[in-house]
Amino acid sequence: SIEKNIKFLEKIPSPLIALIVGTGIAHFMNLNIPYIGDKINNAQHSEVFSFYIPDLSRLKEFILPALALAGLAILDSLLSCKVADNMTRTQHSSDRETFGQGMANMAAGLVGGVTTATATMRTVANIKFGAKTPLASIVHGITLLAILLGLGSLVATIPTACLAAILFKVGIDILDYRILPVLRKLPITDLIIFIIVLFVTVYEDLMIAVAIGIIIAILRSINEIRITINSSNQYKIIPISDLDMNLKSVDTTLINILQIQGPLFFGSTESLIKFYNNIPKHEILIIDINNISTIDLSGVYVLEDLIKNIRTNNIQVFVLNNNSNIKQVLERLNFIKSIGEKYYKNSKESIMSDISKLLQPATSR
């Protein structure tokens, strides 16, 4: 029975247990500390659910601030989506996220609600605490509605320190630890953006920091953006025969070659993922990056995450590159070590040998 109880407890999110225990300690010890209820506004239900007709008489005065706020909210939401993608190994739809957020914010304004963006903290908390489907967001909304309709008295008894401890842990979970070992090896422009966004986030606001970081990144990568816009075939699938590989003894239909050309940076990573999701099924993938002109930190991490996601589907992935400049960047950012040195090749012959070993047993049966 003890084992059953333990297994049952394992399914309960640890922050919920911490919240109950912390609140219980504060209640029974009658601690004189700040509580969430100290800041709750006891508004009447009739005021909460009033319908407001938009006043457009001052539209010209507020249109520019509204557009700026909407832009910052969208940037913050898409940042949360990228964090969630990295944690769950999935790919969000930016169009659906932006459209849904806009519709929800307009509806919220009509009933007196406060418009907002996707919260990174709550998104990370949802994932870390076991959320796997959009049902988690629905439960979250229902819970907030229940608090609004009468359960606010329960929430009011939660100590602020207890909630702060949980949020502190969630904040640590947001961090992408891959950047810590290579922080001193970052390209100077990436390092400058990192420092500026860090300080603006701490001393001002996250959305403003993200906006500043994106503006600086765009100005830095203006040439790469121009090349990407003018390029119609940055990514393509090429036949195995184009690499002049001697693979007559294996089934080459099981092999796909993803060739990347031009710059791979923060502005082209989304199109890379979308392109891969539409290529034919395969058992072995060769990512040819010989023709990459430049690659930044975002490009390296997206390429690394893409390889790891592909491997979860039992697909072997090799990276082909003989460009010494690109290799130096990949080595500095621990990319080769992360994907495995045996899967990073600088010649067609070494890939041919490994693929032959992988497929030969299957073809000989």
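Above: the structure in question.
Bear in mind the structure is a predicted one, so any value in this text is a computation, not a measurement. Residue numbering note: each chain is counted from 1, following its sequence as written. Whole-chain, interface and lining totals are the exception, using all residues; otherwise, since this is a predicted model, local features are given only for residues with pLDDT of at least 70 and side-chain atom pairs are given and counted only at 80 or more. The side-chain numbers reported here are obtained from all heavy atoms of the structure, hydrogens and water having been left aside.

J.: Explain the overall build of the chain residue by residue, including any values.
T.: A run of H or I in DSSP counts as a helix once it spans at least four residues, and a run of E counts as a strand once it spans at least two, with each numbered from the N terminus. When helices and strands are tallied, the chain shows 16 helices and five strands. A total of 365 residues make up the chain; the buried ones form 31% of that total. Every residue pair with non-hydrogen atoms within 4.5 Å of one another is taken to be in contact. Restricting the contact set of the chain to residue pairs at least 6 apart, pairs at least 24 apart contribute 79%. We get accessible surface area from the Shrake-Rupley algorithm with a probe of 1.4 Å; when it comes to residues, only the shown protein chains can shield them. Total accessible area on the chain stands at roughly 22700 Å², and carbon and sulfur atoms take up 63% of it. For every residue, the accessible area (1.4 Å probe, protein chains only) is compared with the maximum for its type, and the residue is labelled buried under 20%, exposed over 50%, or partly exposed between those bounds.

J.: Got a sec to walk through the pairing of strand β2 (residues 255-264)? Specific residues and values, please.
T.: A regular strand places its side chains so that they alternate between the two faces of the sheet. Burial analysis of β2 places nine of its ten residues in the buried class, which makes it a mostly covered element. Whether two strands pair comes down to DSSP finding at least two bridges between them. Bridge count for strand β1 (residues 235-238) against β2 is four bridges, and the pairing is antiparallel. Each bridged residue has a counterpart across the sheet, and for I238 the counterpart in β2 is I257. Taken together, the eight bridges between β2 and strand β3 (residues 284-295) define a ladder with parallel strand orientation. By the bridge assignment for β3, G262 is matched with I292. Crossovers are marked right-handed if the path from the first strand over the helix to the second runs clockwise, as seen with the strands pointing away from the viewer. The parallel pair β2 and β3 is bridged by helix α12 (residues 269-277), and the resulting crossover is right-handed.

J.: Which residues make up a nonpolar patch on the surface, and what values go with them?
T.: Candidate patch residues must exceed 30% relative accessible area and have no salt bridge, after which like charges are joined if within 9 Å and Val, Leu, Ile, Met, Phe, Trp or Tyr side chains if within 5 Å. Salt bridges are defined by distance alone: a side-chain nitrogen of Lys or Arg within 4 Å of a carboxyl oxygen of Asp or Glu. A surface patch of nonpolar side chains, amounting to about 480 Å² of accessible area, comprises I17, V21, I25, M29, L31 and I33. Within the secondary structure, I25 sits in helix α2 (residues 14-28). Given a relative accessible area of 43%, I25 falls into the partly exposed group.

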